[in-house]
Amino acid sequence: MNGLRFDPTKPLDVIALGRLCIDLNANETGRPLEDVVTFTRYLGGSPANIAVGAARLGLKTGFIGKVADDPFGRFIVRYLREAGIDTSGVVTDAPGSVTGLTFTEMKSPEEGRIYMYRENVADLNLAPNEVSEEYLGSTKALLISGTALARSPSREAVFVALDYARRHGAVVVFDLDYRPYTWSSPEETAVYYKLAAEKSDVVIGTREEFDRLERFDPPSRGDDETTARRLFAHRARLVIVKHGKAGSVAYTRNGQRVVGPVFPARVVKPFGAGDAYAAALLYDLLRGWALERCLTYGSAAAAIVISRHSCSDAMPTAEEIEAYIRQVQSGQGAGA
């Protein structure tokens, strides 16, 4: 088992909170962004992608966030609803704010850049009084994303949601999701990452993201076990450190250490893997699976998504993940 307990009486499996934006992915690959002519629009934002992935896997999913009063904002809400996600926690901002835009460059399977336009975006205007305690009392788990901590009032809204979730027994999952475009300084990032991580039951991030969290701590020299031990001194029960092509490693409060596998993939883009990983991980944890199986599912989902053009639209079903794992284990290689 994975050591987490979820309240079976709650009607929702997970509520995600945070960034809602638009991804504009380059259709012409193998060239710099200045030479790209056309883009395809998708729902974007790490917590939004995770929510879509969780819903596609069969979890009862909700969202707390804010959208602009513009066509992109209306597209986002419609997309979430069509994906089967409850949007009663999504509010529309007053006129004047905009929907965040992310342009993705795909120069090669290994080389790509993300250009985020995050000034005056609606999702960072989510206010504490727009977070419903009753709504958070209806979920087994709350997923928060680090980007929502970057500015006020969204920052305060996250901590209100954390307190409500803990008050009602929800498991809090913190995806560090560091994006440099919104933060004012590394020091600011470290302060708020650490405050949120110390209130969370599950913390997920890359080694580089944990290094940012630990900026003011004694040097850990990138040691994952030291990182986990520091968080276990607070509320955390599970810490997962992702190492890209080197896989992932999970630590539990009771001393368990599990190394996740790496799956081959025909890489189309070098991003989106983390969102797929988190969605599959949530699905597995809520089903009470052992950590070995949880990390296997997460890694397989990640490999599938980076082999596809989008992030949100690319999120796999449970059947696709299982078929992919069987295919790889049979020696047929990457076929996503």
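Scroll up to find the structure.
So, here is what we can say about the structure in this document. A quick note: this is a predicted structure, and the numbers were derived from the prediction, not measured.

Take the pattern of salt bridges next. Within the structure shown, the criterion is met by 20 salt bridges. For Arg 207, the salt bridge goes to Asp 211, with nearest N and O atoms at 2.9 Å. Remark: Asp 211 and Arg 207 occur in helix 6 (residues 207-213); sequence separation between them is four residues, near one turn of the helix. Residue class for Arg 207 comes out buried when judged on its relative accessible area of 7%. Note on Asp 211: relative accessible area 36%, which makes it partly exposed. Measuring nitrogen to oxygen at the nearest pair gives 2.7 Å for the salt bridge that ties Arg 207 to Asp 224. Taken as a pair, Arg 207 in helix 6 and Asp 224 in helix 7 (residues 224-232) lie far apart in primary sequence, 17 residues in all.

So, on to the side chain of Ser 312. Locating Ser 312 in the fold gives a position in the loop between helix 9 (291-305) and helix 10 (318-329). Since its relative accessible area comes to 0%, Ser 312 is described here as buried. In this view, Ser 312 contacts Tyr 42, Leu 43, Asn 49, Val 52, Arg 56 and Tyr 79; residues no more than four positions away in its chain are not counted.

Okay, the packing of helix 1 (residues 46-56) against helix 8 (residues 273-286) next. For the pair helix 1 and helix 8, the least separation of the axes is 8 Å and the interaxial angle reads 45 degrees. Compared by their axis directions, helix 1 and helix 8 come out oblique. Considering how the two elements wind past one another, helix 1 and helix 8 form a crossing that is right-handed. Where helix 1 abuts helix 8, its residues Ser 46, Asn 49, Ile 50, Gly 53 and Ala 54 lie against Asp 275, Ala 278, Ala 279 and Leu 282. Residue classes in the contact of helix 1 with helix 8 are distributed as five nonpolar, three polar and one charged.

Attention now moves to the pairing of strand 12 (residues 248-252). Most of strand 12 sits inside the fold, with five of its five residues counted as buried. Because side chains alternate across strand 12, one face comprises the buried residues Ser 248, Ala 250 and Thr 252, and the other comprises Val 249 and Tyr 251, equally buried. Where strand 11 (residues 238-242) and strand 12 come together, five bridges link them in antiparallel fashion. Bridge pairing links Val 239 to Tyr 251 in strand 12. Connecting strand 11 to the next strand, strand 12, in antiparallel fashion are five residues, including Gly 244 with a positive phi near 60 degrees. Bridging between strand 12 and strand 13 (residues 257-260) involves four bridges; their strand directions are antiparallel. Across the sheet, residue Tyr 251 finds its bridge partner in strand 13, namely Arg 257. Counting the residues in the hairpin turn of strand 12 and strand 13 gives four residues, including Gly 255, whose phi is positive at 100 degrees.

It is worth spelling out the packing of aromatic side chains at this point. Here a ring pair, both rings aromatic, is described through the centre-centre distance and the interplanar angle of the planes. Applying the stated criterion across every chain yields a total of nine aromatic pairs. Here Phe 174 and Tyr 193 contribute two aromatic rings whose centre-to-centre distance is 5.7 Å and whose plane-to-plane angle is 85 degrees, an arrangement assigned as edge-to-face. A residue pair is termed long-range when its members are at least 10 positions apart, and Phe 174 in strand 9 (residues 171-175) and Tyr 193 in helix 5 (residues 186-197) qualify at 19 residues. Across this residue pair, the class does not change: Phe 174 and Tyr 193 are buried. What links up through ring pairs into an aromatic cluster is the set Phe 39, Phe 103 and Tyr 117. The ring of Phe 75 is capped by Arg 41, whose NZ or CZ atom sits 3.8 Å from the centre of that ring. Geometry around Tyr 192 places Arg 155 over its ring, the cationic atom sitting 3.8 Å from the centre.

About the thresholds
Residues numbered from 1 in each chain as written. Predicted model: local features only at pLDDT ≥ 70, side-chain atom pairs only at ≥ 80, totals over all residues. Heavy atoms only, no water. Salt bridge = Lys/Arg side-chain N within 4 Å of Asp/Glu carboxyl O. Helix = DSSP H or I, 4+ residues; strand = E, 2+ residues; numbered from the N terminus. Buried < 20%, exposed > 50% of the residue type's maximum accessible area, 1.4 Å probe, protein only. Contact = heavy atoms within 4.5 Å. Axes fitted to C-alpha atoms, helices over the stretch in contact; angles between N-to-C directions. Parallel < 35°, antiparallel > 145°, perpendicular 65-115°, else oblique. Left-handed = near helix turned anticlockwise from the far one by under 90°. Nonpolar A, V, L, I, M, F, W, Y, C, P; charged D, E, K, R; others polar. Pairing = 2+ DSSP bridges. Phe/Tyr/Trp six-rings, centres within 6.5 Å; stacked < 30°, edge-to-face > 60°. Lys NZ or Arg CZ within 6 Å of the ring centre and 35° of its normal.

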